[in-house]
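What follows is the residue order along each chain.
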Amino acid sequence: MSVLRFSIRAARKSAHISGKLLRKSLNFTNKVEHKATNLLDGVDYSIQINEKVPLEKIYYNSIPYVLPIHAAMPAVGSKGTVTLLIPSLDGSSFFGGTATALIVAAKLALLKKCKLRIVQTLKTGYPGDLAKFFTGEGITISDDAIQVISIAERSYNIYGYISTHPDDIFIASAWWDAYNLSRMPLKRKFIYLVQDFEPIFYNNSDRYVLAEETYKNDKFIPLCNTKFMADFMSDRNYPAFKKSLFFEPAVSRKESGTLLSKKANDKKTLFLYGRPNVHRNMFFTALQAIDHAFKAGFINPNNWDCCMAGQNNLPDIVLSSGAVIKNKGKMSMEDYIEFSKTVDLAISPMMAPHPNYPTLEFSSIGSMVVTTKYANKESLDKYSKNIIMSELDVESMAGAINIAVRRTEEDRLANLNNTNILTSWDESLDDCLKSILDRINKSENY
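Source: prediction; values computed, not measured. (Residues numbered from 1 in each chain as written. Predicted model: local features only at pLDDT ≥ 70, side-chain atom pairs only at ≥ 80, totals over all residues. Heavy atoms only, no water.)

Colleague: How should the overall build of the protein chain be read in this particular structure?
Modeller: Counting its secondary structure elements, the protein chain contains 13 helices and 16 strands. If you take every contact in the protein chain between residues at least 6 apart in sequence, the share linking residues at least 24 apart comes to 67%. (Helix = DSSP H or I, 4+ residues; strand = E, 2+ residues; numbered from the N terminus. Contact = heavy atoms within 4.5 Å.)

Shown next, in the form of structure tokens:
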């Protein structure tokens, strides 16, 4: 080996070792900083460093979601807006409920012929070209008609303010934003966009109670994403939801390509909507069910490629059956749409009352989908015959997989003739938003 080659290899090895040490040091210092911050804030009880802590500090540092939002006077000459409160506009979050909230707000602003104001309440994100996003969803709204602000940096002793005009229409899409809007001196009721039963995000706790409390007052007009969600809320006897409006989402991917792509190796593709950090997604039950399906002979491992997506930094997973599920991470919308055309079977469990978007999206282009029952969500046949429902246990889910894989491609594509998943947000929202505007106007000075 030449002296030069040896020197370069030695430099590479030294850099590798130094990098590992620096990463370990950075991880350690980050942990120390986090621990010290929690101790100083009074929310880490392993060491008592303060004899007295103000209630506001310990309460809001422990439950930052409900940090108050204060109303401020509008600028002279300003006009009313449609104001959407949203946790964040991080570009990676433009899926599912976040995207739907933006679409609802933009459509309402166009209907009212006013500006759209988006207020980030938990994390300041930088979304890029919002007008381009809306165009992709069939909504024409210019950049100069959109204002984005953030009050995410507020704390117990640094207040967050939103200017409030008498003609503003406020929309909340998360329970904590509804909680704060219900405490602001608004002239009229706000719109509460309900897309999930959010108390189940938590165990029995303060946060569960706070989330459920937002459904019990009369400060809002409910707008539910799907009739399943509206019926679920009505069944729980929350008064406002006895007359809730609802819409069916326009999430069909049919126009992006109906036929499934044939792959070079002619293998079929199994896809898992895999998000272990989202507990209601039942990631571990789904893994066990897929493994059970392989071991029981429902799926021939030689004929299938398996993958998952939805969360970054997950390893590929080797099942005990020997099958490997490869992680694609959190995909861009463009990559997700293109990939969806190759999927023969999607596993998209959801322990929640709504039909989750991947279930509707994949079934709309001819994929078979296995998802889970919950409460009044017993059947999704009204959307598509390509959706197979299972109970919440491993054996039932594996049995549903067995039923799904026996459907031929011809059967799946034939089912598209009777699929009822909307493709247009105009069809989805126009009548509903006109009705909700009528209710808001009648709610002035309530």
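This is not the end of the story, as more comes after the structure.
Colleague: Looking at this model, I keep getting lost on the nonpolar core. Mind explaining?
Modeller: One recurring pattern in soluble globular proteins: nonpolar side chains tend to sit buried together. Core analysis: the biggest nonpolar cluster contains 47 residues, and Leu116, Phe134 and Leu223 have the highest contact counts within it. Among the nonpolar cores identified, the runner-up in size contains 38 residues, and Trp175, Trp176, Phe190 and Val194 belong to it. (Core = buried A, V, L, I, M, F, W, Y, C linked by side-chain atoms within 4.5 Å. Buried < 20%, exposed > 50% of the residue type's maximum accessible area, 1.4 Å probe, protein only.)

Colleague: How should I be thinking about the sheet that holds strand S6 (residues 169-172) in this particular structure?
Modeller: Strands belonging to one sheet form pairs held by backbone hydrogen bonds; the direction of such a pair is parallel or antiparallel. One open sheet accounts for seven strands, arranged S4-S3-S2-S6-S7-S8-S9; its pairing is parallel. Because the sheet does not close on itself, it has two edges, and the strands there are strand S4 (146-150) and strand S9 (245-247). Along the sheet, successive strands turn relative to each other by an average axial angle of 20°, direction set aside. When strand S2 (residues 81-86) meets S6, the two strands line up parallel, connected through four bridges. (Pairing = 2+ DSSP bridges. Axes fitted to C-alpha atoms, helices over the stretch in contact; angles between N-to-C directions.)

Colleague: Can you walk me through the pairing of strand S11 (residues 304-309) in this structure?
Modeller: Side-chain positions along a regular strand alternate between the two faces of the sheet. Counted residue by residue, S11 has five buried out of six residues, so it is predominantly covered. Of the pairings in the sheet, the one linking strand S10 (residues 268-273) to S11 comprises six bridges and is parallel in character. Within S11, the residue paired with Phe271 across the bridge is Cys307.

Colleague: Could you clarify how one ought to interpret the side chain of Ser182 in this entry?
Modeller: Tracing the chain through its elements places Ser182 in the loop between helix H5 (175-181) and strand S7 (190-194). Looking at Ser182, its side chain comes within polar contact range of the main-chain oxygen of Tyr179, at 2.7 Å. Within the local environment of Ser182, its side chain forms a polar contact with the side chain of Arg183, the two groups lying 3.0 Å apart. (Polar contact = N/O pair within 3.5 Å; in protein donor to acceptor, adjacent residues only side chain to side chain.)

Colleague: Teacher, can you tell me more about helix H6 (residues 206-213) here?
Modeller: Among the residues of H6, those classed as buried are Tyr208, Leu210, Ala211 and Glu212. Packed against the buried residues of H6 are helix H2 (55-62) and H5.

Colleague: I'm lost on the sheet that holds strand S13 (residues 324-327) in this one. Help?
Modeller: The strand order across the open sheet formed by seven strands is S12-S13-S11-S10-S14-S15-S16, and the pairing between neighbours is mixed. Edge positions in the sheet fall to strand S12 (317-318) and strand S16 (387-390), since each has one partner strand and no second. Both S11 and S13 contribute to a ladder of three bridges, which runs parallel. Along S13, the bridge assignment pairs Cys307 with Lys326.

Colleague: Please explain the pairing of S16 as it appears in this structure.
Modeller: Every second residue of S16 is oriented toward a common face, with Ile387 and Met389 on one face and Ile388 and Ser390 on the other, all of them buried. Judged from the four bridges that link them, strand S15 (residues 368-372) and S16 form a sheet pairing that is parallel. By the bridge assignment for S16, Val369 is matched with Ile387.

Colleague: Help me understand the environment of Lys254, please; the structure alone is not making it clear to me.
Modeller: One can find Lys254 in the loop between S9 and S10. Distance in space between the C-alpha atoms of Lys254 and Lys341 is 9.7 Å, their sequence separation being 87 residues. Excluding its chain neighbours within four sequence positions, the residues that come into contact with Lys254 are Ser364, Ile365 and Leu416.

Colleague: Explain the packing of aromatic side chains to me, please; I cannot follow it from the model alone.
Modeller: How two aromatic rings sit relative to each other is given by the distance of their centres and the angle of their planes. According to the stated counting rule, one finds 25 aromatic pairs in the structure shown. Considering the side-chain rings of Trp175 and Trp176, the 5.6 Å spacing of their centres and the 80° angle between planes classify their relative orientation as edge-to-face. On the basis of relative accessibility, which here comes to 0%, the residue Trp175 falls in the buried class. Here Tyr336 and Phe362 contribute two aromatic rings whose centre-to-centre distance is 5.8 Å and whose plane-to-plane angle is 90°, an arrangement assigned as edge-to-face. Of this pair, Tyr336 sits in helix H9 (residues 333-340) while Phe362 sits in helix H10 (residues 357-363), placing them 26 residues apart in sequence. Judged by its relative accessible area of 9%, Tyr336 falls in the buried class. Among the aromatic residues, those joined into a cluster by ring pairs are Phe190, Tyr192, Phe197, Tyr215, Phe220, Phe232, Tyr238, Phe241 and Tyr374. (Phe/Tyr/Trp six-rings, centres within 6.5 Å; stacked < 30°, edge-to-face > 60°.)

Colleague: How should I be thinking about the pattern of salt bridges in this particular structure?
Modeller: Side chains that differ in charge, positive against negative, can pair when their charged atoms come close. Overall, the coordinates contain 19 salt bridges when judged by the stated rule. Two residues, Lys216 and Glu212, come together in a salt bridge whose shortest N-O distance is 4.0 Å. (Salt bridge = Lys/Arg side-chain N within 4 Å of Asp/Glu carboxyl O.)

Colleague: Please explain the packing of helix H8 (residues 283-295) against helix H11 (residues 394-405) as it appears in this structure.
Modeller: Two quantities define a packed helix pair, namely the angle between the helix axes and the distance between the axes. It is the contact of H8 with H11, at a shortest axis distance of 8 Å, that shows an interaxial angle of 55°. The angle between the axes of H8 and H11 places the two elements in the oblique class. Read as a crossing pair, H8 and H11 show a hand that is right-handed. Seen from H8, the contacting residues are Thr285, Ala286, Gln288, Ala289, Ile290, His292 and Ala293; seen from H11, they are Val394, Met397, Ala398 and Ile401. (Parallel < 35°, antiparallel > 145°, perpendicular 65-115°, else oblique. Left-handed = near helix turned anticlockwise from the far one by under 90°.)

Colleague: Can you walk me through helix H13 (residues 425-442) in this structure?
Modeller: Structural remark: α-helix, 3.6 residues per turn; residues separated by three or four positions point the same way. Between its terminal C-alpha atoms H13 stretches 25 Å, which fits the 26 Å expected from 18 residues at 1.5 Å a residue. Looking at H13, one finds that the buried residues are Trp425, Ser428, Leu429, Cys432, Leu433, Ile436, Leu437 and Ile440. A distance of 3.1 Å separates the backbone nitrogen of Asp426 from a side-chain oxygen at the start of H13, and that oxygen is part of Ser424. (Expected span 1.5 Å × (residues − 1).)

Colleague: Help me understand unusual backbone geometry in this model?
Modeller: A negative phi angle characterises most non-glycine residues, just as the trans form characterises most peptide bonds. Of note, Lys113 is a non-glycine position whose phi angle comes to about 60°, a positive value. Position of Lys113 relative to the elements: it lies in the loop between helix H3 (96-112) and strand S3 (115-120). A positive phi is found at Asn313, a non-glycine position, where the angle reads about 65°. You can see Asn313 is positioned in the loop between S11 and S12.

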